[in-house]
Amino acid sequence: MKKLETLQNAYRTQPRAVRISTWLIAFYLLYALLLGLLTPYVLQSKVPQWLGDFTGRQVSIQKITINPFLLRIRVTDFRIAEADSNDDFFRFGLLELDAGFLTSLFTFTPTIEHLYIDELYSQLIRQQGGADPRFNFSDMLNRITAQPAPEAAKQEQKENSGIPHIRLGLLRFSRGELKVLDKVTGAELVYPDLSFELAQLDTRANLPSSVRTEEEGKPDNLYQLALATQEGGSIELDGLFQLAPLAVSGNVALKHIALPPLWPLSEDIVEARLTRGRLDFSIQYQLLETPQGFGFKAGQGQLTLSEIALSDASDERITVESLAVNQLAIDSFNQRVDIADVSIDAPVVSATYSHDGIDLARMFTPKSGSADAVKPATKANNEAQSDWRIVLGGLRLSGGDIQLQEKAIAEQMYWRAFPINITTGTVDTRFTAPVEYAIDLAMSGEPQALPESAQGKFSSQGLIYVPEQKVEASVNVSDLVLSQAQPYLQSIINIAVEDGTFSTTGNVKAGADGQIELSASARINDLVVLDGLQHEPLLKWQVMTVDGIHYVSQDNRLAIAGITLEKPYAKLLIDEQKRTNISAIMVSNTPSVAQQESAQQAPPRESDDTSAPMDVRIETIKVKEGTAYFADESLTPQFASSLESLNGSVNKLYSDTGTAAEVAISGKIDSYAPVSLNGEINPLLDDMYLDLDFAVSGAELTSVNPYSGTYMGYYIDKGLLSLDVRYKVQNNELDGDNHVVIDQLTLGRQSDSEQALSLPLGLAVALLQDSDGVIDLGLEVSGDLENPDFSFGSIILKALGNLITKAVTAPFSFLASLVGSEDELNHIEFTAGQDSLSEQASSRLATLAEALNQRPGLRVSIEGGVDAVSDARELAVSQLHQTLLQRSGLASLPEDLSASNIPLQGPLPAALEAMFTEQFTIPVEQERERFTTQLQANSEEPVTAEQIPRAMHIAMYNRLRDEISVTEAQLAGLAQRRGKMVKAYLANEAGVDASRLFLLNSRQHLQSAASQVVLSLEAN
């Protein structure tokens, strides 16, 4: 106590200044003790517990120190743990805060000299996706928001609604690390180097109106953020801001940002995977607060996506070397986006098209779980977006490559379009001007592997009128190889397109209303189409050009100025099995039983096509140096012929009713026989009109020996064929006039063909061939085209067959028709018992001779005949008369001598009575008494003296005649004499060469049916 009192007395004796200093030192020491030792201790023990209660997490602090002299606070090794583990959710190695007390005191503004945070670390994890996502900090947010705010804090917030004036010299985060994990998709993003600086923070500072010089120093509120990625990229932000009114300006730069680590965030949305890609982006921006709200401006934007690759589970399917958006500018105040240009370099798309569609569509189709996240824009959003104006200076795509494996139509086909180059002019979403575009690409298709070289090129330039939804363009296709279409043809048609290229150029106008106007020309070069039977050329040509194509859909009109075929070739082949290369073209696709039943059950549908037929106008079709070839390998020997040097045209082929095209085509058969087709035709009408003349001159018939030997039974040694055929079809009715001339037809040896006709061909030729060796036939044909059994070939063959059949079955009628007669010339009638020619018989023989002289190839067989009854009776009468003449001693008998006109008296009746008595040994007087008795008994009137001898002489005459027996030799002699009489007349009187007349032996085979000479014809 004495010591304390001593100290107190000593203190009181000190000068005033010493006493004050002592108090200040004591206060300072107390201040240092409380702030430098006690406060850190309290904070270090209480803050983790308070923060742990506030956040619901485990919080730890290694050390808190306060420098009471510099007012500097340091916190080391601060950690907030994860909710379910001891892993760090958030931590930093060092926090240092310099309060800036003196500055605050002298400026009356709270000031912090600096705030440093070093080794900052945070880990953000998405633990659950869907409509209610959950993160590793969700529990803290829920806990914090669930705690009620103190009433005093609420009241202070209302009173101090303005921004307090605070200054911060430097805020700096350094050596930071940020991890972002997504357990839903497996994405993991690591940013190993994060730094941030905010210099000269002043909550009431304004953005400078201009850039400061070095002398003026750095501006207030200058911030810089740098974030490095694990893949070597970086994110940099720098700029200035003010808080009242809020305004932010600065630059954003993303450099070499690897995109694959970000893509897993979308794996629950689509199946596609981003396996390569890098992002570079830079822009200058401004965020401004105005009385109308916040606004945003940005300029000098540059976005580049490099080495992009989108893949499926195993392969890259879409790659892009570079996609650049240049000079991007955004102005929310004027609602405008400006882009200088967008360039896409070397995009490659690889896809497969099957019965399930394009596989890429499935890759980018939102998954079922994410379908709700992709909601269509509402009407209000559309209306708001429509106020924005986007102006794109141009789009450029270069070096594009589309690779498609097609399996839906063809069994397998690889298509490739490359390189694809597309450019556009300015695209303004107001679309007050049309959009210019240009497309250029090459294309190719192969059935085995992806093509390496182009097999055709396509280009187009034009204008797109967006508001009107129409396009005006020029289109050019060059050297498109047609064989690429073969895999698509083989399922429906049995041909092979071996060679040929298609080219076209034109202009087209098309609209969304379906109206099209086309002006073009087209060309197919070096076409070669093989048949499916023997894989030989079926159709080919050197060049086909179609000029002046003009189509207007609104008028339903197609006009073509000209079609020209240069060196066309067509072939018709019949193989050894009698199959034609034409009939084998179509592939038979038999429908399944289910398809057939479905077709039977489906009700018939009435056609609703009431549109008028298209107006077609083709000015000219020209053929130059064409060839048609026909071969028949089913014959022995085989047959082949060609139609060559075909030249001509079809002019003014219109679909108008009442018009007809002019046809004029000429050529040669087998290089020498001229052939021509002239007239009019219009196949475009519903009822076809045709009026054509077809002419052939001097075609060699020996070339058709395979046909003549097979079907006619003879080979041809010599002969020329000429045709002049005219056909007219009108109102579905055919009228035809065929003029056939065969010169010097000579049949050769007979074939042994089982298919040969049974007609006597030699006789037919002899009948048809005139004295000059010419067969001149006229065939008129007609028919109804609506008859389902009608065909041109069958109606002509029927007419020709009828003519030949008529000639060989009724040759004498045919001969009679040659000289305008209707007489039956195949038999010459004689009077019974006579061998002399009547006047009528001579007339018939003269007619026959006239016809025979016109047909020198015929020879006549002459066979005499008798009537066994009448001719025998007349021969008996003749023999009786001869005996009466001898017995009567008369020089001659009366010409009309008969039983009824024998004189009553004289030597003739005396000779008759003597012959009767000698023959029958009946006295004359006895016979007279018998006839007297009979006459008186049969007559009521008295019998005159004349009646009795008359009746007696008639009876004697008849009995003597009947008693005479005429032998067959006598009848055969009469027949032979009659035949000789006919031959003599034809040779001597009618001038027929006797070497053409053959008398048959009537004695050997006596014809006893009629008193006539039968004639028959044979070929020489």
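See the structure above.
Residues numbered from 1 in each chain as written. Predicted model: local features only at pLDDT ≥ 70, side-chain atom pairs only at ≥ 80, totals over all residues. Heavy atoms only, no water.

Could you give an account of a nonpolar patch on the surface, with specific residues and numbers?
Taken together, the side chains of Leu30, Leu33, Leu34, Leu37, Leu38, Tyr41 and Val42 make up a nonpolar region of the molecular surface, amounting to roughly 680 Å² of accessible area. A residue is classified by how much of its surface remains accessible, and Leu34, at 39% relative accessible area, is partly exposed. (Patch = residues over 30% accessible without salt bridge, like charges linked within 9 Å, V, L, I, M, F, W, Y side chains within 5 Å. Areas by Shrake-Rupley, 256 points an atom, 1.4 Å probe, with all protein chains shown as cover. Salt bridge = Lys/Arg side-chain N within 4 Å of Asp/Glu carboxyl O. Buried < 20%, exposed > 50% of the residue type's maximum accessible area, 1.4 Å probe, protein only.)

If you had to explain the side chain of Thr501 to someone new, which residues and values would you point to?
Within the secondary structure, Thr501 sits in strand β24 (residues 495–511). When sequence neighbours within four positions are dropped, the list of residues in contact with Thr501 reads Asp479, Leu480, Val481, Leu482, Arg523, Ile524 and Asn525. (Helix = DSSP H or I, 4+ residues; strand = E, 2+ residues; numbered from the N terminus. Contact = heavy atoms within 4.5 Å.)

Lay out the sheet that holds strand β40 (residues 997–999) in plain terms, naming residues and giving numbers.
Within the open sheet, the four strands sit side by side as β38-β41-β39-β40. Their pairing is mixed. Among the strands making up the open sheet, the edge pair consists of β38 (827–829) and β40. Each strand of the sheet is rotated relative to its neighbour by a mean of 20°, with strand direction disregarded. As paired strands, strand β39 (residues 858–864) and β40 are joined by three bridges and run parallel to one another. Residue pairing in the sheet places Val860 in a bridge with Leu997 of β40. Contacts from helix α14 (residues 839–854) reach β38, β39 and β41 (1012–1019), with the element oriented near 160° to β38. Across the sheet, helix α19 (residues 968–989) lies against β38, β39, β40 and β41, angled at about 170° from β40, the strand it touches most. (Pairing = 2+ DSSP bridges. Axes fitted to C-alpha atoms, helices over the stretch in contact; angles between N-to-C directions.)

Kindly report on the environment of Ala346, identifying the contributing residues and their values.
Tracing the chain through its elements places Ala346 in strand β15 (residues 336–354). With a relative accessible area of 24%, Ala346 lands in the partly exposed category. Note: C-alpha distance between Ala346 and Ser398 (52 residues apart in sequence) is 5.9 Å.

Tell me about the packing of aromatic side chains, and name the residues and values.
Under the counting rule described, the total for this entry stands at ten aromatic pairs. Clustering of aromatic rings is evident, with ring pairs tying together Phe78, Phe90 and Phe92. Sitting over the ring of Tyr654, Arg617 keeps its end group 3.9 Å from the ring centre. (Phe/Tyr/Trp six-rings, centres within 6.5 Å; stacked < 30°, edge-to-face > 60°. Lys NZ or Arg CZ within 6 Å of the ring centre and 35° of its normal.)

I'd like to hear about the pattern of salt bridges, residue by residue, with values.
Taken as a whole, this structure holds 35 salt bridges when the rule is applied. Glu96 serves as the salt-bridge partner of Arg72, at 3.9 Å between the closest nitrogen and oxygen. Here the residue Arg72 occupies a position in strand β2 (residues 72–81), and Glu96 occupies one in strand β3 (residues 88–98), the gap between them amounting to 24 residues. Classification of Glu96 by relative accessible area gives buried; the value is 7%. For Asp835, the salt bridge identified is with Arg977, shortest N-O distance 2.9 Å. Of the two residues, Asp835 sits in the loop between β38 and α14 while Arg977 sits in helix α19, which places them 142 residues apart along the sequence. Its relative accessible area of 24% is what places Asp835 among the partly exposed residues. According to the relative accessible area criterion, Arg977 is partly exposed, its value standing at 39%.

Remember, this is a structural readout, not a statement about activity or role.
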